[in-house]
Amino acid sequence: MHKVVHSESVKSALAIKGWDQKQLAEELGVSGQAVTNWLRGVDFPRPATLLKLASTLALGFDQLVLADQADQPVIAFRKKGAAKTTDEHVLRARAMGAMLKPLVGYLPARQSLRTQISDTALAYESLQATAAAVRAKLGIGQEAVLSYEHLISQFAENDAIIVPVMWGEKNRHENALHILLPADKVTFIYLNLDTHLEDFKFWMAHELAHVFTPALAGKDEGEDFADAFAGALLFPKELAHHAYVNASHRRTPSGIISALHDFARAHMISLYSVYNEVTTYVSAQGLSPLKVTSQQVHAARNSDSVRGELVSATLFRPLPPEPSTYISAAHGVFKSVFFPALQVMLRERGTGAGYVQQVMSIALPDAQAIHDELLR
Amino acid sequence: MTLVLLDTNTYLRLAKRIRPLLGMKFGQKDYVLMVLKDVEDEVRRNRTLRSKFPWFDDEEFGTERDSAQIRLTADEKSTLNNARSVLRGHVLADVDRYTSGGRQPPSDTDCRVLAFGQIREAIVVTDDLGMHLLADDFDLPIWHGWELLSKMKAAKKVDNDLIRDIYAALERNDDMTATWLKAKHTDFARVFGPKPE
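Quick caveat, the model's predicted, so the values are computed rather than measured.

S.K.: How should the overall build of chain B be read in this particular structure?
M.R.: Of regular secondary structure, chain B possesses 11 helices and 5 strands. Taken against the 2.2 N^0.38 rule, which gives 16 Å for 197 residues, the C-alpha radius of gyration of chain B at 17 Å falls within 12% of a compact globule. Overall, chain B is about 45 × 40 × 40 Å in size when its C-alpha atoms are taken along their principal axes. In chain B, which comprises 197 residues, the share counted as buried stands at 53%. Once local pairs closer than 6 in sequence are excluded, the contacts in chain B between residues at least 24 apart make up 64%. Summed over all atoms, the accessible surface of chain B reaches about 9,500 Å², with 45% contributed by carbon and sulfur.

S.K.: Any chance you could explain unusual backbone geometry here in plain terms?
M.R.: For residues other than glycine, phi is negative in most cases, and the peptide bonds are mostly trans. Residues and elements named next belong to chain A. With an omega of 0 degrees, the peptide bond between R317 and P318 qualifies as cis. Structurally, the position occupied by P318 is in the loop between α16 (311-316) and α17 (323-332). Omega for the peptide link from L319 to P320 comes to -10 degrees, which places this bond in the cis form. On the secondary structure map, P320 appears in the loop between α16 and α17. Here K335, not a glycine, exhibits a phi torsion of approximately 50 degrees, which is positive. Inspection of the secondary structure assignment puts K335 in the loop between α17 and α18 (338-349).

S.K.: What am I meant to see in the sheet that holds strand β5 (residues 142-143) of chain B here?
M.R.: Hydrogen bonding along the main chain pairs the strands of a sheet, whether they run parallel or antiparallel. All names here are of chain B. Across the sheet, which stays open at both edges, the 5 strands sit in the order β2-β3-β1-β4-β5 with mixed pairing between neighbours. Each edge of the open sheet is held by one strand with a lone partner, namely β2 (25-26) and β5. Across 5 bridges, strand β1 (residues 2-6) lies against strand β3 (residues 31-35) in parallel orientation. Among the inter-strand pairings, L3 is bridged to a residue of β3, identified as V32.

S.K.: Could you clarify how one ought to interpret the interface of chain A and chain B in this entry?
M.R.: By a frequent convention, interface size equals the accessible area lost on bringing the separate parts together. Listed by partner, the interface residues are 29 residues for chain A and 29 residues for chain B. Overall, the association of chain A and chain B removes approximately 2,200 Å² of surface from exposure, summing both partners, and the carbon and sulfur fraction of that is 61%. Counting every contact that joins chain A to chain B gives 2 salt bridges. Put simply, R46(A) and D139(B) hold a salt bridge, and the shortest N to O gap is 2.9 Å. Linking chain A to chain B there are 13 residue pairs in polar contact (both at pLDDT 80 or more). At 6 residues, the largest contribution of residues to the side of chain A that touches chain B is made by helix α4 (residues 47-57) of chain A. Residue classes in the side of chain A that touches chain B are distributed as 18 nonpolar, 8 polar and 3 charged.

S.K.: Looking at this structure, how should I read the layout of surface pockets?
M.R.: If a probe the size of a water molecule is rolled over the atoms, the empty space left behind becomes visible. Residue and element names in this part refer to chain A. Counted as a void, the second largest pocket has a volume near 220 Å³. Along its surface, the second largest pocket is lined by Y148, E149, I152, S153, L197, F200, V311, T314, L315, V333, F334 and K335. Those elements giving two or more residues to the lining of the second largest pocket turn out to be α8 (148-157), α9 (197-212) and α16. Residues of the lining of the second largest pocket, tallied by class, amount to 8 nonpolar, 2 polar and 2 charged.

S.K.: It is not clear to me how the confidence of the model for chain B should be interpreted in this structure. Could you clarify?
M.R.: The predicted coordinates ought not to be read in detail in places where the model reports low pLDDT. Residue and element names in this part refer to chain B. For chain B, per-residue confidence averages 93 on the pLDDT scale, and residues scoring 70 or more make up 100% of the total. Highest mean pLDDT in chain B belongs to β5 (98); lowest belongs to helix α3 (residues 47-52) (83). Scoring the predicted complex yields pTM 0.90 and, for the interface, ipTM 0.90.

S.K.: Quick question: what am I supposed to make of the packing of helix α2 (residues 21-28) of chain A against helix α3 (residues 32-40) of chain A here?
M.R.: Axes are the key here: two packed helices are described by the angle between their axes and the distance separating the axes. Residues and elements named next belong to chain A. The geometry of α2 relative to α3 is characterised by a closest axis approach of 8 Å and an angle of 110 degrees between their N-to-C directions. One way to sum up the angle between α2 and α3 is to call them roughly perpendicular. Here α2 runs over α3; the crossing is right-handed. Together, Q21, L24, A25 and L28 of α2 and G32, V35, T36, W38 and L39 of α3 make up the contact between the two elements. In terms of residue class, the contact of α2 with α3 is built from 6 nonpolar, 3 polar and no charged.

S.K.: Would you mind showing me how to read the environment of V191(B) here?
M.R.: All names here are of chain B. Tracing the chain through its elements places V191 in helix α11 (residues 189-192). Since its relative accessible area comes to 8%, V191 is described here as buried. C-alpha separation for the pair V191 and N160, spaced 31 residues apart in sequence, amounts to 5.9 Å. Aside from chain neighbours lying at most four places away, what touches V191 is K153, N160, I163 and R164.

S.K.: Which parts of the structure should I look at to understand the pattern of salt bridges?
M.R.: When their charged atoms lie close together, side chains carrying opposite charge are able to pair. Residue and element names in this part refer to chain B. The final tally for this structure, using the stated rule, is 27 salt bridges over all chains. Close ionic contact of R65 with E40 constitutes a salt bridge, the shortest N to O distance being 2.7 Å. Separated by 25 residues along the polypeptide, R65 in helix α4 (residues 59-67) and E40 in helix α2 (residues 37-44) bring together distant segments of the chain. For the pair R65 and E40, a shared accessibility class is recorded, and that class is buried. For D161, the salt bridge identified is with R164, shortest N-O distance 2.8 Å. Taken together, the residues span about one helical turn, with D161 and R164 both in helix α9 (residues 160-172) at a distance of 3 residues. Salt bridges sharing common partners tie together E40, R44, D57 and R65.

S.K.: What exactly am I supposed to notice about the packing of aromatic side chains here?
M.R.: Aromatic rings in a pair are described by how distant their centres are and how their planes are angled relative to each other. Residue and element names in this part refer to chain A. One pass over the full model with this rule turns up 21 aromatic pairs over all chains. Ring geometry for W167 and Y190: centres 5.9 Å apart, planes at 15 degrees, overall stacked. Of this pair, W167 sits in the loop between β4 (160-165) and β5 (174-181) while Y190 sits in strand β6 (residues 186-192); the two residues are 23 residues apart in sequence, bridging distant segments of the chain. Its relative accessible area of 8% is what places W167 among the buried residues.

The rules behind each value
- Residues numbered from 1 in each chain as written.
- Chains lettered and ligands numbered in written order.
- Predicted model: local features only at pLDDT ≥ 70, side-chain atom pairs only at ≥ 80, totals over all residues.
- Heavy atoms only, no water.
- Helix = DSSP H or I, 4+ residues; strand = E, 2+ residues; numbered from the N terminus.
- Rg over C-alpha atoms; globule rule 2.2 N^0.38 Å.
- Buried < 20%, exposed > 50% of the residue type's maximum accessible area, 1.4 Å probe, protein only.
- Contact = heavy atoms within 4.5 Å.
- Areas by Shrake-Rupley, 256 points an atom, 1.4 Å probe, with all protein chains shown as cover.
- Pairing = 2+ DSSP bridges.
- Buried area = accessible area lost by both parts, 1.4 Å probe.
- Salt bridge = Lys/Arg side-chain N within 4 Å of Asp/Glu carboxyl O.
- Polar contact = N/O pair within 3.5 Å; in protein donor to acceptor, adjacent residues only side chain to side chain.
- Nonpolar A, V, L, I, M, F, W, Y, C, P; charged D, E, K, R; others polar.
- 1 Å grid on protein atoms, 1.4 Å probe; cavity = no way out; pocket = protein on both sides within 12 Å on 5 of 7 lines; lining within 4 Å.
- Points joined across faces, edges and corners; volume = space filled by probe spheres on them.
- pLDDT = per-residue confidence, 0-100.
- Axes fitted to C-alpha atoms, helices over the stretch in contact; angles between N-to-C directions.
- Parallel < 35°, antiparallel > 145°, perpendicular 65-115°, else oblique.
- Left-handed = near helix turned anticlockwise from the far one by under 90°.
- Phe/Tyr/Trp six-rings, centres within 6.5 Å; stacked < 30°, edge-to-face > 60°.

Take a look at the structure:
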């Protein structure tokens, strides 16, 4: 990576201390010309000098070094509920992106043709047309159930590598993480399997939207489009119409919720997703709203009997799975080339388990078990 | 006095058998061994390590670690954080270099340990080859675990029987690193003899 000293922040730090470049050079034991060259971007300090520069001027790496932005991983989180994204979350995700770079050389050759969505408007009819075009490409009608297999095939065809992870149900900021390496034109999508089955398909569709709209990755409008696209793809307006007709005949909120829930079960998506799509449809068509509130739907959805099992439990019972079972599922169920590529890399380079820990953001004993299995 | 900072694995490899270990001066340079609180945190949150090293929670060891811990001032914490970020940034800018030859990229915690070494002029002891590469890049003093043991032998802090005992435990726990193995019949040739043909 081409690195340049962040001359503005260095100059600001010097101004705060009341120093000139000559005093800085003396403090660091280098020539004045060396400091001038760093600040002009024609030279870069040796590592030991950079460390001394950091402690002398009280600056961290990001304040001291200007990295090539075109080479930086682009990050998008699928956050849990109202989880707040902190600098720590972003730094950890960027570090995972940096860790992924050596792995890219071990992936199969990239596809030259990829699906891209150019119209990312959020207007109802426009969004429905976009989702309908994707369904047509998949070869399924507007009222058909969109399966996991359909979604998984699209990731593989668009150089988006699924990394199924078990990050736990609660103690994690995000349930999915999208890391695009722009220079390598490859995307890694970490999907937390410790999530409810009913939410999982929505998140996959959300992540697929990011894959189809690389220009919006990491931006707020990208998140808004991904949410709206996922809903429209999984439960298009034709289905929303049927659900509305069914539910609007019911007299009580529980009857309405029950009708919506039948559709949610049939399409393996959450009750709230169905409610949301029906509500959006009703609004777009100017129809009378359903006589149920979003709070009532949330309350019904949050009961355990509605939420159902975790994906990990469905796949691996009993938990936790043996490393071999887990790796097989990544390849067999999710068609992921992540572990085969990782296996070749570990064998060829003799990389330690700490790499697996950092690239997957998991505990060291789990990383060690996966490392041992891949080297078996 | 020269501070010598043990990483988690080095502490776990030596602390049970070399008693006392931390806080005692030894050698001509008055080396004093210590650990960071990170060791405490890492072992406590890692069920596998806790079950593999049950003695870690014994009062004797906890008291020794507490008394050998170094407290940092607010300024030192800030300097430490900046140094850590420079070391970690250096790793992340070129992860490739840290993924070959049995290495693994130094983690954020590893970088914190090396940064501590820099601000307190301590020698870091670790068998992590990625940390050695990083320390070499930044001209930071660093030892392998066997180098520490060798210096303790020279200072008569450990004897040949204890060295044999430590090596036997490494083999028994399937914890023998390539560097410890190489040192067995070179630096510790007087204990184990030359490498068998």
